[in-house]
Amino acid sequence: MNKFDYVRPTTLAATLDLLRASDEPMLLAGGQTLLPTMKQGLAAPELLIDLNAVSELVELSVTGDGIRVGAMCRHATVATSGAVRDKIPGLAELAGMIGDVQVRNRGTIGGSVANNDPAADYPAALLALDATIRTDSRDISADEFFVDLFETALEPGEMIREVVFPSCRSCGYLKFRQPASRFAIVGVFVARHRQGVRVAVTGAGSAGVFRWTEAEAALDGNFAQQALTGLALDPQQMLSDIHAGDTYRAHLVQVLTGRLVEALGARSLRVRT
Ligand SMILES: Cc1cc2nc3c(=O)[nH]c(=O)nc-3n(C[C@H](O)[C@H](O)[C@H](O)COP(=O)(O)OP(=O)(O)OC[C@H]3O[C@@H](n4cnc5c(N)ncnc54)[C@H](O)[C@@H]3O)c2cc1C
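Sequence order as written defines residue numbering, which begins from 1 separately in each chain. The model is predicted, so local features are restricted to residues of pLDDT at least 70 and side-chain atom pairs to those at 80 or more, both for listing and for counting; the totals for chains, interfaces and linings are taken over all residues. With hydrogens and water set aside, each side-chain value is computed from the structure's full complement of heavy atoms.

As recorded in an unreviewed UniProt entry, the chain goes by the name Carbon monoxide dehydrogenase, listed as coming from Nitratireductor arenosus.

Have a look at this one:
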């Protein structure tokens, strides 16, 4: 591992000062991705800014029309929050499906979203729920935030402060897990908003998380599993790896979306894979 300086600020203001004063800073959240990456020499920050003592970043609050989740909120916090379960139950369910207990107690929403792993769960929720990523300098819609595999709209040195989720009429998440890591081979998040249905898919797309707009249009007219009949995703747009081929992934997206729509329609989301 390369040499680096380490700082642990306790306020947001001090964090931003440090961030702006360094040429090559990196933010340390849960460290589950960043530390192994540094050990392998694939990331070599001059300055590592540890966010774990910044209390402003762990706030989770109810807004007029939704929830604000601070960047340093752990997955376990989101999974067990009464406010999230009440307002956006599908989001709490998704957080509870991430990794295992250790991963959920350490990993953060800010780290997950900034990392934009193509198999991560949160990006599907942010996209389907039409969330806003609030950074130290601007608001970015989820539609604009996720750019490509491990690539986001964040500029170098830009920090996520919180994610703002509007509430929806109903929503849910289903994933088919890779049994060892528990990352999504395919994960589908469906949200019914007053303005229409949004369907987001993680784990499957060759360019990372994406919205399945054909399914959204079909479900807008008829929110039923049958509305998906005849729709098919192009396998050439899907990932293919040792865990699952592209045709299999395309099929799984359709199966999971259908099951989720059925479950949400019946207002009892008890389906798990
Ligand atoms: C065994 C294992 C299983 C896992 N299973 C799953 C799973 O099933 N589903 C899933 O979705 N994820 C899974 N993960 C990923 C994990 O849950 C974390 O979300 C992920 O590692 C990143 O979060 P972190 O808080 O650890 O971030 P870190 O590793 O600390 O940081 C990741 C990146 O984000 C940057 N960053 C951190 N915070 C901010 C911020 N506020 N603003 C800007 N940039 C920031 C860092 O600089 C770094 O580049 C798994 C991880 C492990 C180790």
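From this point on, the discussion continues.
Visitor: Outline unusual backbone geometry, supporting the account with residue identities and numerical values.
Guide: Negative phi characterises most residues that are not glycine, and trans characterises most peptide bonds. The backbone phi angle of Asp130 is positive, close to 60 degrees, even though this residue is not glycine. Counting from the N terminus, the helices are DSSP H or I runs at least four residues long and the strands are E runs at least two residues long. Assignment of secondary structure puts Asp130 in the loop between helix H8 (122–128) and strand E6 (132–135). Relative accessibility thresholds used throughout: buried, under 20% of the residue-type maximum; exposed, over 50%; partly exposed, between the two (1.4 Å probe, protein chains only). The partly exposed category is assigned to Asp130, whose relative accessible area is 33%. One non-glycine residue, Arg182, lies in the positive phi region at around 75 degrees.

Visitor: For the site of the ligand, give the residues involved together with the corresponding values.
Guide: Lining the immediate surroundings of the ligand are 30 residues, of which Leu27, Thr33, Thr108, Asp121 and Arg182 lie closest. Counting of polar contacts relies on pairs of N or O atoms within 3.5 Å, with two restrictions inside protein: one atom must be capable of donating a hydrogen and the other of accepting it, and residues adjacent in sequence are counted only when both atoms are side-chain atoms. Between Ala29 and the ligand, the recorded distance is 2.9 Å, taken from a backbone N or O atom to an oxygen atom. Arg182 places a main-chain nitrogen or oxygen 2.7 Å from an oxygen atom of the ligand. To be clear on the numbers: accessible area is Shrake-Rupley with a 1.4 Å probe, and residue cover counts the displayed protein chains and nothing else. Protein coverage of the free-state accessible area of the ligand, which is 980 Å², stands at 87%. For the shell around the ligand, the leading source of residues is helix H7 (residues 109–115), giving four residues. For the shell around the ligand, a count of residues per class yields 14 nonpolar, 12 polar and four charged. Per the annotation, domain bounds derive from an automatic or database assignment of domains. Mapping the shell around the ligand onto the domain boundaries places at least three of its residues in each of domain 1 (1–54) and domain 2 (59–265). Nearness is judged by heavy atoms alone; a residue qualifies as near a molecule or strand once a single heavy atom is within 4 Å of it. Residue classes follow a fixed rule: Ala, Val, Leu, Ile, Met, Phe, Trp, Tyr, Cys and Pro count as nonpolar, while Asp, Glu, Lys and Arg count as charged, and any other residue, Gly among them, counts as polar.

Visitor: Give me the sheet that holds strand E2 (residues 25–28): which residues, what numbers.
Guide: DSSP calls a pair of strands paired once it identifies at least 2 bridges connecting them. One open sheet accounts for three strands, arranged E1-E3-E2; its pairing is parallel. Of all strands in the sheet, those bounded by a partner on one side alone are strand E1 (5–7) and E2. Looking at each pair of strands side by side, their axes are set apart by 25 degrees on average, direction ignored. Two strands pair when backbone bridges link them, and E1 and strand E3 (residues 47–50) are joined in this way by three bridges, in the parallel orientation. An axis is simply a line fitted to the C-alpha atoms; with a helix, the fit covers only the stretch in contact. Between two such axes, the angle follows the N-to-C directions and lies from 0 to 180 degrees.

Visitor: Describe the pairing of E3, naming the residues involved and giving the relevant values.
Guide: Side chains Leu47 and Ile49 project from E3 onto one buried face, and the interleaved Leu48 and Asp50 project onto a second face that is buried too. Inspection of the sheet shows E2 paired to E3 by four bridges, in the parallel sense. In the strand pairing of E3, Leu27 is matched with Ile49. Look down the strands so they point away from you; if the path from the first strand over the helix to the second goes clockwise, the crossover is right-handed. Read as a crossover between parallel neighbours, the route from E2 over helix H2 (residues 34–39) to E3 is right-handed.

Visitor: Can you tell me about the UniProt feature "domain: FAD-binding PCMH-type" (unreviewed entry) in the chain, naming the residues and giving the values?
Guide: Under the UniProt annotation, "domain: FAD-binding PCMH-type" (unreviewed entry) lies at residues 1–170. Span residues 1–170 is 35% helix and 24% strand, its end C-alpha atoms 46 Å apart. UniProt positions are given in the numbering used here, feature names are shortened, and annotations may be inferred rather than shown by experiment.

Visitor: Could you give me a rundown of the nonpolar core, with the residues and numbers involved?
Guide: Throughout, nonpolar core names a set of buried Ala, Val, Leu, Ile, Met, Phe, Trp, Tyr and Cys residues whose side chains join them through atoms within 4.5 Å. Of all hydrophobic cores here, the largest spans 41 residues; its most connected members are Leu91, Val113, Tyr122, Leu126, Leu129, Phe165 and Phe189. Examining the composition of this core, we find that six residues originate from one element, H8, more than from any other. Note on contacts: a residue pair qualifies if any of its non-hydrogen atoms lie within 4.5 Å across the two residues. Once residues lying within four places of it in the same chain are set aside, the contact partners of Leu126 are Val113, Ala131, Ile133, Ala142, Phe146, Val163 and Phe165.

Visitor: Please set out the environment of Thr132 residue by residue, giving values where relevant.
Guide: With respect to the helices, strands and loops of the structure, Thr132 is situated in strand E6. Overall, the relative accessible area of 24% leaves Thr132 in the partly exposed class. When neighbours within four sequence positions are excluded, Thr132 is seen to be in contact with Asp139, Ile140, Glu162, Val163 and Val164.

Visitor: Give a description of the layout of surface pockets that names residues and reports values.
Guide: Quantified by volume, the largest pocket comes out at close to 1,200 Å³. Along the wall of the largest pocket there are 49 residues; nearest its centre are Gly110, Gly111, Ser112, Ala114 and Asn115. For the lining of the largest pocket, the elements supplying multiple residues, two or more each, are E2, H2, H7 and strand E9 (151–152). The element best represented in the lining of the largest pocket is H7, accounting for five residues. When the residues that make up the lining of the largest pocket are grouped by side-chain class, the tally is 23 nonpolar, 16 polar and 10 charged. Taken together, domain 1 (1–54) and domain 2 (59–265) each give at least three residues to the lining of the largest pocket, which thus spans both. Points on a 1 Å grid, built from protein atoms alone, make a cavity when a 1.4 Å probe fits but cannot get out and make a pocket when they are open with protein on both sides within 12 Å along at least 5 of 7 lines; residues with an atom within 4 Å of a point are the lining residues. Grid points are joined across faces, edges and corners, and a volume is the space filled by probe spheres set on the points.

Visitor: Give me the lowdown on the packing of aromatic side chains, citing residues and values where you can.
Guide: Here a pair means two rings of Phe, Tyr or Trp (six-membered ring of Trp) with centres within 6.5 Å. Their orientation is stacked below 30 degrees between planes, edge-to-face above 60, and tilted elsewhere. Summed over all chains, the structure comprises three aromatic pairs. Their ring planes at 80 degrees and their centres at 6.4 Å tell us that Phe176 and Tyr248 sit as a pair that is edge-to-face. Pair noted here: Phe176 is in strand E11 (residues 170–177) and Tyr248 is in helix H11 (residues 246–265), with a separation of 72 residues, a long-range link. Residue placement shows Arg192 over the ring face of Phe223; its charged tip is 3.9 Å from the ring centre. Two conditions define a charge sitting above a ring: the NZ of Lys or the CZ of Arg must be within 6 Å of the ring centre, and it must be within 35 degrees of the ring normal.

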